[in-house]
Amino acid sequence: MEDRAITPEERAYWAFQSPKRITPPRAAQPAWNKNPIDAFLFAAMKVKGAKPSPRADRRTLIRRAYLDLTGLPPSPEEVAAFEKDTAPDAWERLVDKLLASPHYGERWARHWLDLVRFADSGGFEFDVDRPDAWRYRDYVVKSFNNDKPYDQFVKEQLAGDEYLTENQHAENTTNAQNAQNAKSTPNSQSAQDIQDAMIATGFLRLGPEGGGGGERGRQDSLDDVITTSTLTFMGLTVGCARCHDHKFDPIPQKDYYRIQAVFYSTKPVSYPLVAPDVVAANKAETQRIENLQRPLRRAKSDLEAPYLKILVDEAVSRLPEYMQIAWNTPADKRTPGQKLNVQQIKKTLEDDSLSQKLTEKDIVARMSAEDKAKHDALKAQIRDLDKQKPKPYPTARAIGEAGATAQPSYFLHRGSIDTKGSVMTPGVLSVACDSEYQFPTPPANATSSYRRRGFAEWLVAPNNPLTSRVMVNRLWQHHFGEGIVRTPSNFGKMGEAPSHPELLDWLATEFVARSWSMKQMHRLMMTSQAYQMASDDTAANVAIDPENRLFWRMPRVRLEAEIIRDAILAVAGNLNRSLGGPAIYPYIDPNLFQSSTKRTWPGKPDDDPATWRRSLYVYSKRSIRYPLFETFDQPNLINSCERRNRSTIAPQALLMMNNNFVILESRKFADRLRKDAGEDAKAQVERAFRLALGRVPTQFELTKAADFVGGNPNGLAEFCQAMFNLNEFVYRQ
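What counts as what
Residues numbered from 1 in each chain as written. Predicted model: local features only at pLDDT ≥ 70, side-chain atom pairs only at ≥ 80, totals over all residues. Heavy atoms only, no water. Helix = DSSP H or I, 4+ residues; strand = E, 2+ residues; numbered from the N terminus. Buried < 20%, exposed > 50% of the residue type's maximum accessible area, 1.4 Å probe, protein only. Lys, Arg positive; Asp, Glu negative; His and termini not counted. Salt bridge = Lys/Arg side-chain N within 4 Å of Asp/Glu carboxyl O. Contact = heavy atoms within 4.5 Å. 1 Å grid on protein atoms, 1.4 Å probe; cavity = no way out; pocket = protein on both sides within 12 Å on 5 of 7 lines; lining within 4 Å. Points joined across faces, edges and corners; volume = space filled by probe spheres on them. Axes fitted to C-alpha atoms, helices over the stretch in contact; angles between N-to-C directions. Parallel < 35°, antiparallel > 145°, perpendicular 65-115°, else oblique. Nonpolar A, V, L, I, M, F, W, Y, C, P; charged D, E, K, R; others polar. Polar contact = N/O pair within 3.5 Å; in protein donor to acceptor, adjacent residues only side chain to side chain. Pairing = 2+ DSSP bridges. Phe/Tyr/Trp six-rings, centres within 6.5 Å; stacked < 30°, edge-to-face > 60°. Lys NZ or Arg CZ within 6 Å of the ring centre and 35° of its normal.

*Asks:* I'm lost on the side chain of Asp151 in this one. Help?
*Replies:* With respect to the element layout, Asp151 can be found in helix α8 (residues 150-159). Buried within the structure, Asp151 lacks any salt-bridge partner; Lys155 is the closest side chain of opposite charge, at an N-O distance of 4.6 Å. Excluding its chain neighbours within four sequence positions, the residues that come into contact with Asp151 are Val460 and Trp516.

Now the structure itself:
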């Protein structure tokens, strides 16, 4: 029942065949032979009778490049300089400049964080905050900026800890001199590399937490890891095989549980980002203070005990008679049902966070004046000692295992923990592997099973048919509006077939040949004629290919919510462009969310400069969504998002007209215009168009806007808000 054979016909499906590299076709137009991408696209257009669109003007191109690579609009000065640069390599130099910008990593990290459903909290009822989650976000930004090879990027997130030796884990991870002695196989790694590898494993802890405990909760957490990992890296819905063989793709249920065996032994780790001696000193001092507190806490507990008993007895007396009997029956004489009743009572009185839990406040309210004074004195002494405890050292949310021997995991019939089948050995996707994949044997001193390392190395093996295809398709998707495969995380039968299969395969093999360099692939795509085409419709082409599947023009794409906010701040002139660090809390009206002890939003006013950072750094709380982001189609932060929705709904316009942040930034924009252009209305309007849209206004626009600005007391700020509301502002042409 557990085995399911893969047929030759199933293996022959295009996504399970290794990419085949063919020689690019030759185009009749020489310009379309310079870049192989153009040759493939031109050949496909020729077959259908379509013609490529003309080249976009320079203003459009520079704005397109800036928004694609940095997520920020170019300054008027940058636009003017590019328009004047007549050198043959002006475009290539611009692309290289933007790829070298630190803001490139911020822009492309946002795409990746959508895929891995990154959030700063755990979700579910209590949505507990994760104060160190931002370190993973900064790791992703840094990886993109440093052009970390994609194969290494994958391996670090799945198994960064398994690429470190026992000695490296013990090394001083903050001391560069000590880090020079840290050796790995095959290359030496710096202290920062070691930290990065551990922070990267936080990928396996990004999912929601708090949905349930026990083995069922564990199975749900593992399912989230398997589903997200296979969607992200393989572009397949392996999670659909949890309870049965996949209904559409050749993914046996046994493959699911063999992949689960890869991750089953993992456990959460708070990885210290300081030297071992700092950790030891912190632990020793904390222990010393806790030893001093222990007798004080015992005395406090003894003082509370008789009053707590009174409260408990009163609470029990209000329960049904059968529960009172269970409570008053000696523990060794309770029936199984009575034991369950007592557990329920204790849970209600000790753990219920909603209403019934007995608190210290309730206990103190019953105390005599003398006992209350003693209680206050004990609390004060404990509190004074708490203040002497050392501050927590920085840690990273990471993953580890208990040892080299993996914990046993099982095939679960129908996905139920109550119907265990065979013990599972680790495995990979059988349809994409001609023979049994051999996982590495961990060395004698290993602290983990090396199963994740083996799985990661299978993923990035040159003959893996999925990994390189999936990633180049994602890069293409964000440059050209749609992927060559328009279902970027589903390369299976229910997904779409590639519009240009030969091009996809050529890009996949080129990606590997270029050492998995994402920046080189960006450059290759952006220096193509196709990327530089105008976005205007052509009637003849629309008749042939209304959905632009031939990529005969550049599509217009609505900017993501975060980029709209960033552009508003940048144009208004008060964007804080600093990189990295803990998240920020811009203001959210408390009436828009339900707060609780663990679900809060300490928002700061819109005019607080601390909130003027890029939107990547806005705290991502799963249960409290920033209104501007949610209105403009931010993903739900629970599931992997391969492609954001691009809705056009009335609340978007209403928010841009009435939101306090937008109104405030409109005033800031107006202040900037007065500073840059003086009090002349026409000069203010021209400067506004250059800053917001990267172009000069038409004569009609200039006249009408200047008349409005000059004819209204608050005309300039209202005009600035109208600029933020233009389609041209929130769309990339």
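*Asks:* How should I be thinking about the layout of surface pockets in this particular structure?
*Replies:* It is the rolling of a water-molecule-sized probe over the atoms that shows where space remains empty. Roughly 640 Å³ of volume is contained in the largest pocket. Considering the residues around the largest pocket, the lining is formed by 31 residues, among which Pro208, Asp220, Ser221, Leu222 and Asp224 are closest to the centre. Listing elements by their share of the lining of the largest pocket, those giving two or more residues are α12 (214-234) and β1 (266-272). Ranked by residue count, the leading element in the lining of the largest pocket is α12, at 11 residues.

*Asks:* Explain empty space enclosed by the protein here, please?
*Replies:* For the structure on display, the rule yields eight cavities of 30 Å³ or more. Its volume calculated, the largest cavity comes out at about 340 Å³. Surrounding the largest cavity, 22 residues form its lining, His111, His478, Val557, Glu560 and Arg646 being those nearest its centre. For the lining of the largest cavity, the secondary structure elements donating two or more residues are α3 (58-69), α6 (102-115), α20 (467-480) and β5 (557-558).

*Asks:* When you look at the packing of helix α13 (residues 253-263) against helix α19 (residues 451-459) in this model, what are you seeing that I'm missing?
*Replies:* Between two packed helices, both the angle of their axes relative to each other and the distance between the axes serve to describe the pair. Between α13 and α19, whose axes approach to 7 Å, the crossing angle comes to 125 degrees. What the angle tells us is that α13 and α19 run oblique. Contacts from Ile259, Ala261, Val262 and Phe263 in α13 reach Arg451, Arg452 and Phe455 in α19. The residue inventory of the contact of α13 with α19, partitioned by class, reads five nonpolar, no polar and two charged.

*Asks:* When you look at the pattern of salt bridges in this model, what are you seeing that I'm missing?
*Replies:* Oppositely charged side chains can pair when the atoms bearing their charge come close. Summed over the entire model, instances satisfying the criterion amount to 58 salt bridges. Here Lys254 and Asp3 are joined by a salt bridge, their closest N and O atoms 2.8 Å apart. In this pair, Lys254 is assigned in helix α13 and Asp3 in the segment before α1 (8-11), connecting sequence segments 251 residues apart. Take Lys254: its relative accessible area is 24%, and that puts it in the partly exposed class. In this structure, Asp85 and Arg93 form a salt bridge, with 2.6 Å as the shortest nitrogen-oxygen distance. Overall, Arg93 belongs to the partly exposed group, its relative accessible area being 38%. Each of Arg59, Arg695, Glu701 and Glu728 takes part in a single network of salt bridges with overlapping partners.

*Asks:* Looking at this model, I keep getting lost on the side chain of His500. Mind explaining?
*Replies:* Tracing the backbone through its elements, the reader meets His500 in the loop between α20 and α21 (501-513). His500 sits in the buried class, given a relative accessible area of 4%. Here His500 is in contact with Phe40, Leu41, Ala44, Ile484, Arg549, Leu550 and Phe551, once residues within four sequence places are set aside.

*Asks:* Explanation requested: unusual backbone geometry in the structure shown.
*Replies:* A negative phi holds for most residues other than glycine; trans holds for most peptide bonds. Even without being a glycine, Phe124 presents a positive backbone phi close to 60 degrees. If you trace the backbone, Phe124 turns up in the loop between α6 and α7 (134-145). With relative accessibility at 47%, the residue Phe124 sits in the partly exposed group.

*Asks:* Whenever I open this one, the environment of Glu215 confuses me. Can you help?
*Replies:* Assignment of secondary structure puts Glu215 in helix α12. With a relative accessible area of 30%, Glu215 lands in the partly exposed category. Sequence separation between Glu215 and Ile417 is 202 residues, and the spatial gap between their C-alpha atoms is 7.4 Å. Aside from chain neighbours lying at most four places away, what touches Glu215 is Tyr264 and Ile417. Within polar-contact distance, the side chain of Glu215 engages the side chain of Tyr264 at 3.2 Å.

*Asks:* So what exactly am I meant to see when it comes to the pairing of strand β2 (residues 395-401) here?
*Replies:* Within β2, seven of the seven residues are buried, which leaves the element mostly enclosed by the surrounding structure. Because side chains alternate across β2, one face comprises the buried residues Thr395, Arg397, Ile399 and Glu401, and the other comprises Ala396, Ala398 and Gly400, equally buried. In this sheet, β2 lies alongside β1 in antiparallel orientation, the contact comprising seven bridges. In the strand pairing of β2, Lys267 is matched with Gly400.

*Asks:* I tried to follow the packing of aromatic side chains on my own but got confused; where do I start?
*Replies:* For any two aromatic rings, the description comes down to two numbers: the centre-to-centre distance and the angle of the planes. Within this structure, the stated rule accounts for 36 aromatic pairs. Between Trp112 and Phe233, the aromatic rings sit 6.0 Å apart at their centres with planes inclined by 45 degrees, giving tilted as the arrangement. One end of the pair, Trp112, is in helix α6; the other, Phe233, is in helix α12, with 121 residues separating them in the sequence. Like Trp112, the residue Phe233 is buried in the burial classification. With a centroid separation of 5.8 Å and 65 degrees between ring planes, the pair formed by Phe144 and Phe153 is classed as edge-to-face. Phe153 shares its class with Phe144; the two are buried. Taking the ring centre of Phe82 as reference, the NZ or CZ of Arg58 above it sits at 4.7 Å. Over the ring of Tyr531 we find Arg64; its NZ or CZ atom is 5.8 Å from the centre of that ring.

So far we have only geometry, and geometry alone does not tell us how the molecule works.
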